[in-house]
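Reading the structure
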Amino acid sequence: QVPLVESGGGLVQAGGSLRLSCAAAGRTFTSYALGWFRPAPGKEREFVAAISRSSGTIGYADSVKGRFSISRDNAKNTVVLQMNSLKPEDTAVYYCAARRFHGPIASVPTARNEYNYWGPGTQVTVSS
C-alpha cells in the first residue's frame, strides 16, 4: 500500500503559477517513480510529467515542456510539480501516481496502466 495525497491546487489567472505537491506515506517511497496525470474534459487521464526514483530520469508531455517542472525530495516523501505560465487549457484535476522500480530506468512510464497507485486528485483552475 502506497497512500498518495495531492495538494496545492486552486484558482489562478492565465500566466500565473501553482505548485502541486504529492505526499506518500511509508519508508518505501524511494522505490517508486512518480508521475502526474490530468484528464481533458470528457477524456481519460493523460500523462503530464514523471520522475524516476533518484531524479535521474524525467519526462514531460509536449504540451507542458518549458512551463512545468517536476522534482522530488525523497527525505520528505514528496514529489512536486511546479507549474508556470499557466493556460486555461491546463485546467483539470491533477492526479499523482506511483510505480515501483528496482533501479534506474531509461525513460519514465507515460501510460496510465503503467502506474499502480493513485491519489484522489487536486483541482487546478486557470482563468482567462
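Bear in mind the structure is a predicted one, so any value in this text is a computation, not a measurement.

On to the packing of aromatic side chains. Considering all chains together, one arrives at five aromatic pairs under this definition. Judged by centre distance (5.9 Å) and plane angle (75°), the ring pair of Tyr-32 and Tyr-117 falls under edge-to-face. Of the two residues, Tyr-32 sits in strand β4 (residues 32-39) while Tyr-117 sits in strand β10 (residues 117-118), which places them 85 residues apart along the sequence. For Tyr-117, a relative accessible area of 27% translates into the label partly exposed. Ring centres of Tyr-115 and Trp-118 lie 6.2 Å apart, and the angle between their planes is 65°; on these two criteria the pair is classed as edge-to-face. We classify Tyr-115 as buried; its relative accessible area is 5%. Overall, the relative accessible area of 28% leaves Trp-118 in the partly exposed class. Among the aromatic residues, those joined into a cluster by ring pairs are Phe-37, Phe-47, Tyr-115 and Trp-118. Over the face of the ring belonging to Tyr-95 we find Arg-45, whose NZ or CZ atom lies 3.5 Å from the ring centre. The residue whose ring lies beneath Arg-45 is Trp-118, and the NZ or CZ to ring-centre distance is 5.0 Å.

Conventions used here
- Residues numbered from 1 in each chain as written.
- Predicted model: local features only at pLDDT ≥ 70, side-chain atom pairs only at ≥ 80, totals over all residues.
- Heavy atoms only, no water.
- Phe/Tyr/Trp six-rings, centres within 6.5 Å; stacked < 30°, edge-to-face > 60°.
- Helix = DSSP H or I, 4+ residues; strand = E, 2+ residues; numbered from the N terminus.
- Buried < 20%, exposed > 50% of the residue type's maximum accessible area, 1.4 Å probe, protein only.
- Lys NZ or Arg CZ within 6 Å of the ring centre and 35° of its normal.

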